[in-house]
Amino acid sequence: MSGGGAIKTDPRGCIFPLLYSLGSFGLACASLWELKPSDRITVQRGALLISLGFVYFVALTEFLNKLILRTTVGLSFVKKYRLRISDVLDITNKIVSAVQATFSCVAGFIVCRWSCPLNFLQASHFLSESYAWFAASYFFYDIWSMYKVYAAEASNRIMTTLGLAATNNGAARNGKPSTGAADALDQKPSEV
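What you see as residue numbers is a count from 1 along each chain, following the sequence as written. Totals for whole chains, interfaces and linings use every residue, but because this is a predicted model, local features are given only for residues with pLDDT of at least 70 and side-chain atom pairs only at 80 or more, for both listing and counting. Note that water and hydrogens are dropped before the side-chain values are worked out from all heavy atoms of the structure.

Going by the annotation in an unreviewed UniProt entry, the name recorded for the protein chain is TLC domain-containing protein, with Aedes albopictus given as the source organism. UniProt positions are given in the numbering used here, feature names are shortened, and annotations may be inferred rather than shown by experiment. One UniProt comment on the protein chain, placed under Subcellular location (unreviewed entry), says "Membrane".

Pasting the structure below:
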């Protein structure tokens, strides 16, 4: 930390992104509740699912970023491993990808389990279509998220080249010794 100031932690900032994420996932599940396994997904329901998917994945990312950067436990993790902002963004991107992969596996398992006793070529389950709509938003979100990680890493490289930022090995920043995690947290949110 340059200047010796304390890093402000505010775990309450995590609540709204978590509620948005859980709420959008809950609404997506509720929109499918009355369907029978062989029902088809309409375009209107698909549009609802894709929009709820966008809200879910973006809110989950925001929740994880705030959890890591604004809570005491998250900041101790950042300090222990000397993470930069780009590292935190990359970690949250990978966690969200793992969540999406888990959902995909669960949906695939349910569809296969339901379809096995039936004629596999003609069996159709609404979950295969509905998850395709919901997960389509993930792929658009992932392009955006990977760009944010790339931009943060490029910013770190440029700042290091100019001698304005610290590297993870403790190089000097503006003539001051680096503390790794503190220098990463000194970046303004607009830099992220």
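Running from amino to carboxyl end, helix 2 (residues 43–70) crosses helix 5 (residues 126–162) at an angle of 40°, the nearest separation of the two axes being 8 Å. Considering the angle they form, helix 2 stands oblique to helix 5. The hand of the helix 2/helix 5 crossing is right-handed. Together, Gly46, Ala47, Leu49, Ile50, Leu52, Gly53, Phe54, Tyr56, Phe57, Val58 and Thr61 of helix 2 and Ser130, Trp133, Phe134, Ala136, Ser137, Tyr138, Phe140, Tyr141 and Trp144 of helix 5 make up the contact between the two elements. Here the axes come from fitting lines to C-alpha atoms, over the contacting stretch only for helices, and the angles between their N-to-C directions go from 0 to 180 degrees. We count a stretch as a helix when DSSP gives it H or I for four or more residues in a row; a strand needs E for two or more, and each element gets its number in order from the N terminus. Angle categories are assigned with fixed cut-offs, so that under 35 degrees is roughly parallel, over 145 is roughly antiparallel, 65 to 115 is roughly perpendicular, and the rest are oblique. With the far helix as reference, a near helix turned anticlockwise by less than a right angle produces a left-handed crossing, and one turned clockwise produces a right-handed crossing. Any two residues having at least one pair of non-hydrogen atoms within 4.5 Å are treated as being in contact.

It is worth spelling out the UniProt feature "transmembrane region" (unreviewed entry) in the protein chain at this point. As recorded in UniProt, the sites labelled "transmembrane region" (unreviewed entry) are residues 15–35 and 47–69. Note that residues 15–35 is 81% helix and 0% strand, and that its end C-alpha atoms are spaced 31 Å apart. Helix makes up 100% of residues 47–69 and strand 0%, and the two end C-alpha atoms of the span are 33 Å apart.

Residue position: Lys36 is located in the loop between helix 1 (15–31) and helix 2. Along the primary structure Lys36 and Phe126 are separated by 90 residues, whereas in three dimensions their C-alpha atoms are 7.5 Å apart.

Time to look at a nonpolar patch on the surface. What makes a patch is a set of residues exposed beyond 30% relative accessible area and free of salt bridges, joined within 9 Å when like-charged and within 5 Å when nonpolar (Val, Leu, Ile, Met, Phe, Trp, Tyr). For accessible areas, the Shrake-Rupley method is used with a probe of radius 1.4 Å. Any residue's cover is judged against the shown protein chains and nothing else. Here, a salt bridge means any Lys or Arg side-chain nitrogen found within 4 Å of an Asp or Glu carboxyl oxygen. A cluster of nonpolar residues, Ile15, Phe16, Leu19, Tyr20 and Val55, forms a patch on the protein surface that exposes about 530 Å² of accessible area. Sorting elements by how many residues they give to the nonpolar patch places helix 1 first, with four residues. In this structure, Val55 sits in helix 2.

To continue, consider helix 3 (residues 72–81). Among the residues making up helix 3, those that are buried are Gly74, Leu75 and Val78. Relative to the axis of helix 3, the buried residues are bounded by an arc of 95° and lie together on one face. Counted as exposed and oriented over 90 degrees from the buried face of helix 3: Thr72, Val73 and Lys80. Working definition: with a 1.4 Å probe on protein chains only, accessible area under 20% of the residue-type maximum means buried, over 50% means exposed, and in between means partly exposed. When we speak of the arc, we mean the arc of directions from the helix axis to the C-beta atoms.

Residues enter a nonpolar core if they are buried and are Ala, Val, Leu, Ile, Met, Phe, Trp, Tyr or Cys, with the set joined through side-chain atoms within 4.5 Å. Ranked by size, the top nonpolar core spans 22 residues in total, and within it Leu32, Ile41, Phe57, Leu60, Val96 and Phe134 carry the most contacts. When residues of this core are traced back to their parent elements, those giving at least two are helix 2, helix 4 (85–115) and helix 5. In this structure, Phe134 is in contact with Phe25, Ala28, Leu49, Leu52, Gly53, Tyr56 and Phe57, ignoring residues within four places of it in sequence.

A separate point is unusual backbone geometry. Unlike most non-glycine residues, Arg82 shows phi in positive territory, near 55°. Here Arg82 shows up in the loop between helix 3 and helix 4. A residue is classified by how much of its surface remains accessible, and Arg82, at 32% relative accessible area, is partly exposed.

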